[in-house]
Amino acid sequence: MNQLIRCINCDKIFMKTSFDQWLECKVESSPSPESFTGIERDDFQDFLKNHHGHQLEDLKIMEDSFVSEKPYSEPVKLSYFKATNGKESFVIKKFRDNIYEPLKYQLLFGDYSLKCIGIEIQSKAIKRQMEMEFKGKPLSPKKIAAFLNLYQHIAEIIDIKSLERISEESSCPMEIYYKMDDLSLMYLLRNCRNIFKGQEYLDIEKFIHNHEEDGVLLLKGTYEIQLTEKTKSKTKALAAPVPLEVEQIIEKKKF
Ligand SMILES: [Zn+2]
């Protein structure tokens, strides 16, 4: 279990990741550096030394708040998550400069959200699937293109908020797959009647029903992280009194 500690005075963050070591130390509800005992790791000792006399607090990591634009397996990446002290919530930026560097954490004031920047159809996969399934009675390239144009048009006018998300594992966390809604399905089927006739229409209808729930007819939504930072309010900054000598240390460190 990870433990996230914030120095209220400096807004510096320390992520304690070794569960075993944490079993040995007592953390009081309002911890001071002195209450952390039995830890041997140098970097944590350094953190305590650097923030001696400062007010520390535990932050609770908000589950399911992790976002990153790179795949989960990518070791060098920038990601964000949210944490709270029970009164205020913060954005924690997690990053490393290269694979040999330890992870770094930075506290940010503000919030983030995911913004959909586009929704598209899986054109290549649809075309490939159609060519494979209609091998016996191939569809003309013109008809395949007309189908793709029609479906692309639907993707352009669709409201992503009304769509059901399909929980398919995507290697990229910023790509989310959706099933088209019933209205779009009806629109697609109705307009397919203009492209395909007779048995060919019936085959296409079957194709659509076979692939609308999963596979090639899923719509791909692409997202990006939108970070909104705000400056820390003065009243909160003054809430934690800083002893004089500590203030001097902070001043020295700035240069
Ligand atoms: Zn501090």
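One numbering rule holds for all chains: residues counted from 1, following each sequence as written. Per-residue local features of the predicted model are confined to residues with pLDDT of at least 70, and side-chain atom pairs are confined, for both listing and counting, to 80 or more; whole-chain, interface and lining totals are unaffected and use all residues.

1. Examining the overall build of the protein chain
- In terms of helices and strands, the protein chain carries 8 helices and 11 strands.
- Between the buried cut of 20 or more and the exposed cut of 12 or fewer other C-beta atoms within 10 Å of a residue's own C-beta lies the partly exposed class, and all C-beta atoms are placed from the backbone. Sorting the 255 residues of the protein chain into buried and exposed places 15% on the buried side.
- With C-beta atoms placed from the backbone, a contact is any residue pair whose C-beta atoms sit within 7 Å. Intrachain contacts of the protein chain at a sequence separation of at least 6 include 58% that bridge at least 24 residues. Here a strand is any run of E in DSSP of at least two residues, a helix any run of H or I of at least four, and the numbering for each starts at the N terminus.

2. A closer look at the pairing of strand β1 (residues 3–7)
- Counting buried residues in β1 gives 4 out of 5 residues, a clear majority hidden from the surface.
- Of the pairings in the sheet, the one linking β1 to strand β3 (residues 56–61) comprises 4 bridges and is antiparallel in character. Along β3, the bridge assignment pairs C7 with L56. Paired strands, as defined in this entry, are two strands with at least two bridges between them according to DSSP.

3. Side note on the packing of helix α5 (residues 182–195) against helix α6 (residues 198–211)
- The axes are straight lines fitted to the C-alpha atoms, using for helices just the contacting stretch, and the angles between their N-to-C directions are given from 0 to 180°. Put simply, α5 and α6 touch, their axes get as near as 10 Å, and they point 155° apart. The angle between α5 and α6 places the two elements in the roughly antiparallel class. Along this stretch, α5 crosses α6, giving a crossing that reads as right-handed. Contacts between α5 and α6 involve L188, L189, C192 and R193 from the first element and Y201, I204, E205 and I208 from the second. Angle categories are assigned with fixed cut-offs, so that under 35 degrees is roughly parallel, over 145 is roughly antiparallel, 65 to 115 is roughly perpendicular, and the rest are oblique. Here a crossing is called left-handed whenever its near helix is offset anticlockwise from the far helix by less than a right angle, and right-handed whenever the offset is clockwise.

4. What to know about α5
- End to end, α5 covers 20 Å across 14 residues, agreeing with the expected 20 Å (1.5 Å per residue, within 8%).
- Those residues of α5 lying buried are S184, L188 and C192. Viewed end-on, α5 has its buried residues packed into an arc of 75°, placing them on one side of the element. In α5, the exposed positions that point more than 90 degrees away from the buried face belong to D182, L183, M186, R190, R193 and N194. In a helix, the anticipated span is given by 1.5 Å times the number of residues less one. Arc definition: it is the arc formed by the directions from the helix axis to the C-beta atoms.

5. Considerations on the sheet that holds strand β10 (residues 175–179)
- Strand order in the open sheet formed by 4 strands is β8-β11-β10-β9, with antiparallel pairing between adjacent strands. The open sheet is flanked by β8 (110–120) and β9 (164–166), the only strands paired with a single partner. When strand polarity is set aside, the average angle formed by the axes of neighbouring strands in this sheet is 45°.
- Inspection of the sheet shows β10 paired to strand β11 (residues 219–229) by 4 bridges, in the antiparallel sense. Bridge pairing links Y177 to K220 in β11.

6. What to know about the environment of E213
- Of note, E213 is situated in the loop between α6 and β11.
- Sequence spacing of E213 and K179 is 34 residues, and the spatial spacing of their C-alpha atoms is 5.9 Å.

7. Overview of the nonpolar core
- Core membership is restricted to buried Ala, Val, Leu, Ile, Met, Phe, Trp, Tyr and Cys residues, and these are joined into a nonpolar core through C-beta atoms within 7 Å. In terms of nonpolar packing, the biggest core is built from 14 residues, with L4, Y80, A83, F90 and I92 touching the most fellow members.
- At the level of secondary structure, the elements contributing two or more residues to this core comprise β1, β2 (12–16), β3, β5 (79–84) and β6 (89–95).
- What I92 contacts, discounting residues up to four positions off in sequence, is I13, Y80, F81, A83, Y105 and L107.

8. Regarding the confidence of the model for the protein chain
- A residue's pLDDT is the predictor's confidence in that residue, given on a scale from 0 to 100. Residue-level pLDDT values for the protein chain average 84, and 80% of them are 70 or greater.
- Note that pLDDT drops below 50 for residues 34–40; the model gives that stretch 15 contacts with residues more than four away or on any other chain.

9. Digging into the environment of T17
- Here T17 is to be found in the loop between β2 and α1 (19–23).
- A C-alpha to C-alpha distance of 4.6 Å links T17 and N2, two positions 15 residues apart in sequence.

10. Concerning unusual backbone geometry
- At D11, a position not held by glycine, the phi torsion is positive, near 60°.
- Locating D11 in the fold gives a position in the loop between β1 and β2.
- Overall, the presence of 14 C-beta atoms within 10 Å leaves D11 in the partly exposed class.
- Although it is not a glycine, D64 adopts a positive phi angle of roughly 65°.
- Mapped onto the secondary structure, D64 falls in the loop between β3 and β4 (67–68).
- Taking the C-beta count within 10 Å as the criterion, D64 has 7 such neighbours and is therefore assigned exposed.

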